[in-house]
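# Topology and contacts: notes
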Amino acid sequence: MSEETFSTNIGGCNPSDCASCTSNCSSAGGASIPRVPNPTIKLTLDDDSILECAVLTTFDVEGFGEYIALVPLDKKGKNTTGETYLFRYAQENGNPVITNIEREDEYMAAAQSFHDFIANLPSEKDAEE
């Protein structure tokens, strides 16, 4: 993995701990964050350091493939930056394979698709109905 990562602003969401949040947060563009623990994944960076990230979701991008949205966690398991990292995602023999997005057009398509995913999450009001 490269230390260079990409982040995206998900519609004004900037909570201190979106990944492992258990409250009924509605800061992600009016969307309701599910109250389920997120699985985590450990990335080995180019300098051999380990970065633990919470998995937000995997999603398809038409014409490009499958991607994964990760939130980096600190040593306490919290996200204090509000960043979301996007990577290419695949599975080989039941194991996840995560690779960097190298092309800008591919990253922009993945970022837009992820933004659309967040924007289309049901709101708290919709969940109550």
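Small disclaimer: the values here were computed from a predicted structure and weren't measured.

## What about the pattern of salt bridges?
Evaluation of the coordinates by the stated rule reveals 2 salt bridges. In this structure, Arg103 engages Asp105 in a salt bridge whose closest nitrogen and oxygen atoms are separated by 3.0 Å. When its relative accessible area of 42% is taken as the criterion, Asp105 is described as partly exposed.

## Things to note about the environment of Gly77
In this fold, Gly77 is placed in the loop between strand E3 (65–72) and strand E4 (85–92). You can call Gly77 partly exposed: its relative accessible area is 27%. With 25 residues separating them along the chain, Gly77 and Glu52 place their C-alpha atoms 8.2 Å apart.

## Focus: the packing of aromatic side chains
Using the criterion set out here, one finds 3 aromatic pairs in the structure. When the centroid spacing of 6.4 Å and the interplanar angle of 25 degrees are considered together, the rings of Phe114 and Phe117 count as stacked. Here Phe114 pairs with Phe117, and both are found in helix H1 (residues 104–119), just 3 residues apart, close to one helical turn. Here Phe114 falls in the buried class, since its relative accessible area comes to 0%. Each residue in the set Phe59, Tyr67, Phe114 and Phe117 is aromatic and connected to the rest through ring pairs, giving one cluster.

## Quick look at the pairing of E4
Both E3 and E4 contribute to a ladder of 4 bridges, which runs antiparallel. Within the sheet, the bridge partner assigned to Ile68 lies in E4 and is Phe87. In this sheet, strand E5 (residues 95–99) lies alongside E4 in antiparallel orientation, the contact comprising 5 bridges. Considered in E5, the bridge of Arg88 is made with Thr99.

Analysis parameters
- Residues numbered from 1 in each chain as written.
- Predicted model: local features only at pLDDT ≥ 70, side-chain atom pairs only at ≥ 80, totals over all residues.
- Heavy atoms only, no water.
- Salt bridge = Lys/Arg side-chain N within 4 Å of Asp/Glu carboxyl O.
- Buried < 20%, exposed > 50% of the residue type's maximum accessible area, 1.4 Å probe, protein only.
- Helix = DSSP H or I, 4+ residues; strand = E, 2+ residues; numbered from the N terminus.
- Phe/Tyr/Trp six-rings, centres within 6.5 Å; stacked < 30°, edge-to-face > 60°.
- Pairing = 2+ DSSP bridges.

Any link to function would need more than the numbers given here.
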